[in-house]
Structure formats: C-alpha cells, structure tokens
Amino acid sequence: MSQRRSLLRYSLLAISLLFSTLLHAAERTLEGAYGPVTLEGAPQRVVALGDNALDAALSLEVQPVGTLASRGGDDVPEYLAAKAGDIALVGTVREPNLEAILMLQPDLIIASTELPRALYDKLSLIAPTVVPEGSSFQDWRRIYRTYAQALGKPDLADRRIAEIDARVAELRQRLPDGQQVSVVRWNPQGPFVMSSQLFVGQLLDALGLKPNELATQTKRPHTDILSLENLAKADADWIFLATLNPDGEKALEAARQQPAFTRLGAVKNDRVVSVDGQIWSSSSGYLAAQQVLDDVEQALLD
Amino acid sequence: MTAARLPLPTVLLSAGLLLSVLCLASLLLGAGDVGIGPSLAALFGGGDDDARFVVFELRGLRTELAVLVGVALGAGGLLLQAATRNPLAEPGLLGVSAGASFAVVVAISLGASAGTLSLAVAVLGAMVGCVLVLLVTQLRGVGDDPVRLVLAGAAFTGLLTALSSLLLLQDQRTADEVRFWVIGALAGRSPDTVSWSLPGLILGLLVVLPLVRPLAALTLGERVASGLGHHPQLTRLATLLAVALLVGTATAAAGPIGFVGLVVPFLARRLVGSDVRRGLGVAILLGPCVVLAADILSRLLVRPYELPVGVVTAFVGAPILIAVVRSHRLPSL
C-alpha cells in the first residue's frame, strides 16, 4: 500500500517535473526596445503592426489576425496581399486603432521598430507586445529574428535567412562588377534618395553593388527633396525608381516630363527601373528580400 | 487718401531696375554646383552643356514663372484691397488662393490631369472664393472691419486646406504632392506651364484696364462714385472677376503662394500712396521682385535642397501682416 502510494507520488512528481521543463522550454524572454518581454507557447492570434512585421509572420507560416494599412496606402501592401488573405485592418502606420486591436483579442502583438513608447505601453495591456530594438537602419536579419523568436519559429527564420544569404551569394557571382545603384523616390518638385543603410541598401551592399554617395551620407531614412539643379547627384549606373503608386510606369512617365530627369546618365542609357515603393522604400523581411532580388536580377541580368 | 510720397516715374524706374537685377540674380544663383561664374559664362553663350541647361532650362523657367506669378499676385492683391477697401485683403488670407487650389485638387481626384484644365478649374475656384469674400464684406460688423474680414478668410482658408489635404491623402498621393497644393512652389513645374498660364494673366490684366478709373472713384466712397456716373457694385464684381483670373492663374501655375498680395500693395502704398492707378503700376513691377527674391532665398537657404517658395513668402509676409495690423491707424482705402 505504502509502496504503491510512494510509486504514485514519484510518478506524479516525475510527470510534473517533465511538464514544467516543457513549459519552461516554451516560455521565452525577448529583449525588446522597451525592455524584456516574456512569452509562453506558440501564439495563436497574432496582430502584426507594420509591413515588416506582417512580412515576417507570413514568411514564417503564421497567419496574423490583424495588421495595418501600409504607408501611403489604404490596404495591406500589395506584395503581401495574396498571402495575407482575408485579414482585419486595425488602423494605419501613423495611427493604430487600439479598440480594433482589442476586439481581435490577440495573444501576441509584433510591431515595427518605430512604435512609440506611449503606444507600446497601451498595447502591452492588450497582449504581450514585441518591438525589436534598433531603427530601420538595423540589420534587417536581426529584426526578422526578433519577430521569429516572438512567433516561436527561430529555426525556420534561420533557414529563411540562409536561403536569402545563399541567393545573394549566388546572384553576386553573376552580377557585373562595380556597378553603382541609386534608389530614388520621385516627386514633381524633385526626387529624394533613399539611405543606403536601410533594408534595400543592406541587400544591395551584400550583392556587391555600390550605393550612391548621397545615400551613404544621409543620417535619415531618406534625403530631403533634391533641387533639380542637383539631380545629377542622384545619378548612378542604375536607378531604381521606387513609387508608392501601384502604376509604376505612370510615375516613370511623370518623371520623364522633367527635362532634368531625362539628362541623367541612367535615363539616357535606359537603365531606370520602376519598382514597388512599398517594398523598396518602406518594408523589410524575407518576402520583400526575395522581391528585391527578383527586381535586381531582372533589371541587371536580363 | 494719403499723398504720394515719391514721384511715380522715379519709383517705376527703380522698381524696373530692381526687377532686372533680380531676374539676373535668379539666373545666376541656385542650389546646385553651377556657381555665378559658370552661369555668367553660360548666359553669354559659353560654359558647358550642364551649366547652360541649369541656367536656361531650370532657372530660366522658374524665373519666367516667378515673374508671371508675381505680376498676378501683386496686381491681384492690390485689386482685392481696393475692391474690399481693406488694406489686409490678400488672396492667400481671404481664401481666394485656397479656393483655387481646392478646385484643382477636386479636379485631380476626379481624374483630371494637370495642365490647361487646371487653369480653368483654378480660376473657377478662385471665383467662388471671391464671391464668398464679397458676401462676407456685405455682412454687418464683419465687412467694414479689416481684421474681422481676415479672420473670416483665415477660417475659410483653413477649411479648404483641410479638405484639400483630406482629398489628396484619400487618393494615396505622396506627401509632397499634397504639400504642393497646400504650399506653392516654383521648382519642377513642367516647361509648358508658362505658355498655358500666360493667357490667364493677360486676360486678367485686360479685365482690369477699364476698371482702374471706377476703382479709383470708389475710394472716394460709394456715393461720390455713383455721383460720378460709376456703378460701385458692378465695379466690385468685375474687379473680383479680374482677381479670380489673376489669382487662379498664379495658383494653377505654382500652387498657393501666400502674402505676396499683402506685401506688394503695402510697399506700393508706402512708395506712391493709395491711389489705385499709381499703385497698380508699381505693384505689377514689385510683385515679381518679391516672388523672385523669395524664390532665390528658397534655393540658397537649405542647399543642396530647396524650400517651397510659399514657405519663404510666409516667413517674410507674416511679420508684415502683424505690423500692418498693429500700426495704430490702418490706412483707409
């Protein structure tokens, strides 16, 4: 009798020990921008605030329940729309709607690095909120890994990053040497040059492509609007014209109306490529990286 | 009516001289690397290809535009002040410019592409703005108080600006496109802007010509003007039509540029007194001077970038507005 009871006791103890170690394995603490965040288990209802958070979730096979309209748009960024499917919109990048987020009853919120502290504090009351450390100048892979940890998919993230690294290495071999590329957003008063330290700049650098000089100098995500007199400073062997307008050709047409633009070396050599500004100037992540590499491959090799 | 302070020919001559100097400066100075020396060389047929392009195409175009917009806004401001008999009446402050740019924004969001159409639409919008100004001046206690009229105009402008921004944001435009229709700029306008906006300016000035005399009579008071055989209401309406043509043209060409219509008549009055006939000649020369000076500043202040010229005119114009309001006796028109 007492033997059986002690056996039961021991087995219970063993089971509970086993459980607690399992639980412990699933419980993880992340270092976020506003302090440590402790998470448990695999999140079921994720709200992804920002294009890069949504990109990370979708590429890591997590289907978020809510997200924000992309910068300059009123819907999910186009390149993610098919994968995101029927997803609830809970505000814009500038103004996430807290009530809409609360209604979704999320168990995890992943947000972009720019999320302000005040908003973080409020969101944290709704669900554990992960804001990666750093800014948009941070190595995109580090931000991506932070999201992956939050989503409980660190191994898959490592594989995804390895895929990108391998593709970059392979593409780099085939690309012509010493080409300079300039990533520009056009507007009628003149263009501005995107910083080379952003996500796309990091990828281009890894591909062995040289950035435009202004792009390396600016300490902000992009320069001010360049005077048309200084348009030559935006020139390079290749110009990627990022436009938030879904019709890229239209934006290119508008740019061509400006005589100063048609004088650029890249324009004369027909080496201007219009690309999706939602990817090239505001997003980051695995899916965005694949698209950027597609664009570069298509432009420089075809 | 204040007496003339300086002889008109002297003022006209020096204003003309100043205008030529500023035109030249506008061709020689810029945010780019083409300095005064190379620019001069390009102007006299030398220089390299780039310098010639910058001087003739880029600076040349915006100089032409600045002159056009300056004439329109200078004359428009003076006329609006004469018609409302209010020294603070300014197209930008009273909502005429905002009406014009709002109309263009509505047209754009309905699918119109810029160009000739935007001129017609902007003039129409400016007309609506003018009619509202006219209605407000008929209101008791508002129309005869210069500051209240400006307040009413500011509220109207605020409303239209907000609506413009709203429409453009709805339309997924970039922030800079939004900014152009809220704060005007001379840079980067398409080369044919001058050719389609010039007719608007000329038409506006033609409408003004027969109005100068009746307007001058109007400053003597409605009764005297009627006694002299003029029709005050008709004169006012026709003047506001001219203002709408002028301001609509300027806005379609360069977006709303504030305070030029306030500063120029203010300077003109200081120089030659408040007579409309004398003032108009001076305003037509001084308007381009003010816009050119502001545009040159806008290129030099934040090199290698540029400010929209509307920002610079606001910087210079707002203190002058305060000075005019604070001066103990507002000059009566």
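Residues numbered from 1 in each chain as written. Chains lettered and ligands numbered in written order. Predicted model: local features only at pLDDT ≥ 70, side-chain atom pairs only at ≥ 80, totals over all residues. Heavy atoms only, no water.

Caption draft 1: Representation of the overall build of chain A in the model. Each helix and strand in chain A was counted, giving 14 helices and 12 strands. Every one of the 302 residues in chain A was classed for burial, and the buried ones make up 50%. Long-range pairs, those at least 24 residues apart, make up 65% of the contacts in chain A between residues at least 6 apart in sequence. Just so you have it, chain A exposes about 14800 Å², and 51% of that area is on carbon and sulfur atoms. (Helix = DSSP H or I, 4+ residues; strand = E, 2+ residues; numbered from the N terminus. Buried < 20%, exposed > 50% of the residue type's maximum accessible area, 1.4 Å probe, protein only. Contact = heavy atoms within 4.5 Å. Areas by Shrake-Rupley, 256 points an atom, 1.4 Å probe, with all protein chains shown as cover.)

Caption draft 2: Layout of the side chain of B:Asp295. Of note, B:Asp295 is situated in helix H14 (residues 276-300). Residue class for B:Asp295 comes out buried when judged on its relative accessible area of 1%.

Caption draft 3: Structural context of the nonpolar core. Among the nonpolar cores identified, the biggest contains 86 residues, and B:Val69, B:Leu79 and B:Leu186 are the most heavily contacted of them. The leading source of residues in this core is helix H3 (residues 49-84) of chain B, at 13 residues. Every residue in contact with B:Leu79, bar those within four places of it in the chain, is listed here: B:Val208, B:Leu215, B:Thr239, B:Ala242, B:Val243, B:Leu246 and B:Leu280. By size, the runner-up hydrophobic cluster in this structure holds 77 residues, among which are A:Ala48, A:Ala53, A:Ile101 and A:Leu203. (Core = buried A, V, L, I, M, F, W, Y, C linked by side-chain atoms within 4.5 Å.)

Caption draft 4: Fine view of helix H9 (residues 193-208) of chain B. Residues and elements named next belong to chain B. Its 16 residues place the ends of H9 23 Å apart at the C-alpha level, agreeing with the 22 Å of an ideal helix rising 1.5 Å per residue. Of the positions making up H9, those classed as buried are Thr-193, Val-194, Trp-196, Ser-197, Gly-200, Leu-201, Gly-204 and Val-208. Projected down its long axis, H9 shows its buried positions confined to an angular sector of 165°, all on one face. Opposite its buried face, H9 presents the exposed residues Ser-195 and Leu-206, each directed more than 90 degrees away. (Expected span 1.5 Å × (residues − 1). Arc of directions from axis to C-beta.)

Caption draft 5: Spatial organisation of the pattern of salt bridges. All names here are of chain A. Inspection of the entire model under this criterion finds 20 salt bridges over all chains. Between Asp-121 and Arg-117 there is a salt bridge whose closest N-O contact spans 3.6 Å. Of this pair, Asp-121 and Arg-117 both sit in helix H5 (residues 117-126), 4 residues apart, which is roughly one turn of the helix. Taking relative accessible area as the criterion, Arg-117 reaches 44% and is therefore assigned partly exposed. In this structure, the salt-bridge partner of Asp-165 is Arg-141, at a minimum N-O distance of 2.9 Å. One end of the pair, Asp-165, is in helix H7 (residues 154-174); the other, Arg-141, is in helix H6 (residues 140-151), and 24 residues separate them in sequence. Under the relative-accessibility criterion, Arg-141 is labelled partly exposed at 28%. The network of salt bridges with common partners includes Arg-167, Glu-170, Arg-174, Asp-294 and Glu-297. (Salt bridge = Lys/Arg side-chain N within 4 Å of Asp/Glu carboxyl O.)

Caption draft 6: A look at the environment of B:Phe259. Residue and element names in this part refer to chain B. Mapped onto the fold, Phe-259 is located in the loop between helix H12 (232-254) and helix H13 (260-272). We classify Phe-259 as buried; its relative accessible area is 15%. With 186 residues separating them along the chain, Phe-259 and Leu-73 place their C-alpha atoms 9.0 Å apart. Excluding its chain neighbours within four sequence positions, the residues that come into contact with Phe-259 are Glu-90, Leu-93, Thr-313, Ala-314, Gly-317, Ala-318 and Leu-321.

Caption draft 7: The arrangement of the environment of A:Gln44 in detail. Residue and element names in this part refer to chain A. As for its position among the elements, Gln-44 is in the loop between strand S2 (35-39) and strand S3 (46-49). Separated by 18 residues in sequence, Gln-44 and Val-62 have C-alpha atoms that sit 8.6 Å apart. There is a polar contact of 3.1 Å between the side chain of Gln-44 and the backbone oxygen of Ala-42. (Polar contact = N/O pair within 3.5 Å; in protein donor to acceptor, adjacent residues only side chain to side chain.)

Caption draft 8: Just unusual backbone geometry, in detail. Put simply, B:Arg303 and B:Pro304 share a cis peptide bond, and its omega is 0°. Even without being a glycine, A:Asp270 presents a positive backbone phi close to 55°. Within the element layout of this structure, A:Asp270 appears in the loop between helix H12 (265-268) and strand S12 (272-276). One non-glycine residue with positive phi stands out, namely B:Phe259, at about 75°.

Caption draft 9: Examining the pairing of strand S8 (residues 180-185) of chain A more closely. Residue and element names in this part refer to chain A. The element S8 is largely enclosed, with a buried count of 5 among its 6 residues. Sheet topology note: the S8/strand S11 (residues 238-243) ladder contains 5 bridges and is parallel. Along S11, the bridge assignment pairs Val-183 with Phe-240. When S8 meets strand S9 (residues 192-193), the two strands line up antiparallel, connected through 2 bridges. Residue pairing across strands places Val-184 opposite Val-193, the latter belonging to S9. (Pairing = 2+ DSSP bridges.)

Caption draft 10: Structural view of the sheet that holds strand S4 (residues 66-69) of chain A. Residues and elements named next belong to chain A. Strands sit in the order S5-S4-S3-S6-S7 across an open sheet of 5 strands; the sheet is parallel. Two strands in the sheet have a free side with no partner beyond their single neighbour: strand S5 (88-92) and strand S7 (129-130). Of the pairings in the sheet, the one linking S4 to S5 comprises 3 bridges and is parallel in character. In the sheet register, Ala-69 faces S5, and the bridge partner there is Thr-92. Against the sheet, helix H2 (residues 51-59) contacts S3, S4 and strand S6 (108-111), and its axis sits at roughly 140° relative to S3. (Axes fitted to C-alpha atoms, helices over the stretch in contact; angles between N-to-C directions.)

Caption draft 11: How the structure looks around the interface of chain A and chain B. In this assembly, 22 residues from chain A lie in contact with 26 residues from chain B. Across the chain A to chain B interface the summed buried area is about 2100 Å²; carbon plus sulfur atoms make up 52%. Between chain A and chain B we count 4 salt bridges in total. Here B:Asp33 and A:Lys233 are joined by a salt bridge, their closest N and O atoms 3.7 Å apart. Counting every contact that joins chain A to chain B gives 7 residue pairs in polar contact (both at pLDDT 80 or more). A per-class count over the side of chain A that touches chain B returns 8 nonpolar, 9 polar and 5 charged. (Buried area = accessible area lost by both parts, 1.4 Å probe. Nonpolar A, V, L, I, M, F, W, Y, C, P; charged D, E, K, R; others polar.)

Caption draft 12: Structural detail: a nonpolar patch on the surface. Residues and elements named next belong to chain B. Taken together, the side chains of Leu-198, Ile-202, Leu-203, Leu-206 and Leu-209 make up a nonpolar region of the molecular surface, amounting to roughly 480 Å² of accessible area. Its location among the elements puts Leu-198 in helix H9. Leu-198 gets classed as partly exposed once you look at its relative accessible area, which sits at 36%. (Patch = residues over 30% accessible without salt bridge, like charges linked within 9 Å, V, L, I, M, F, W, Y side chains within 5 Å.)

Caption draft 13: Structural view of the packing of H7(A) against helix H8 (residues 199-206) of chain A. Residues and elements named next belong to chain A. At a minimum axis distance of 9 Å, the contact between H7 and H8 shows a crossing angle of 50°. In this view, H7 runs oblique relative to H8, as classed from their interaxial angle. Each of Ile-164, Val-168 and Arg-172 in H7 lies in contact with H8, whose residues at this interface are Leu-203, Asp-205 and Ala-206. Split by residue class, the contact of H7 with H8 holds 4 nonpolar, no polar and 2 charged. (Parallel < 35°, antiparallel > 145°, perpendicular 65-115°, else oblique.)

Caption draft 14: Layout of H3(B). All names here are of chain B. Its 36 residues place the ends of H3 50 Å apart at the C-alpha level, agreeing with the 52 Å of an ideal helix rising 1.5 Å per residue. Within H3, the axis deviates most sharply at Gly-60, by approximately 35°. Burial analysis of H3 places 29 of its 36 residues in the buried class, which makes it a mostly covered element. The positive-phi residue at the C-terminal boundary of H3 is Arg-85, with phi of around 50°. (Bend = angle between axes of the 7 residues up to and from the residue.)

The values reported here are purely geometric and, on their own, carry no functional implication.
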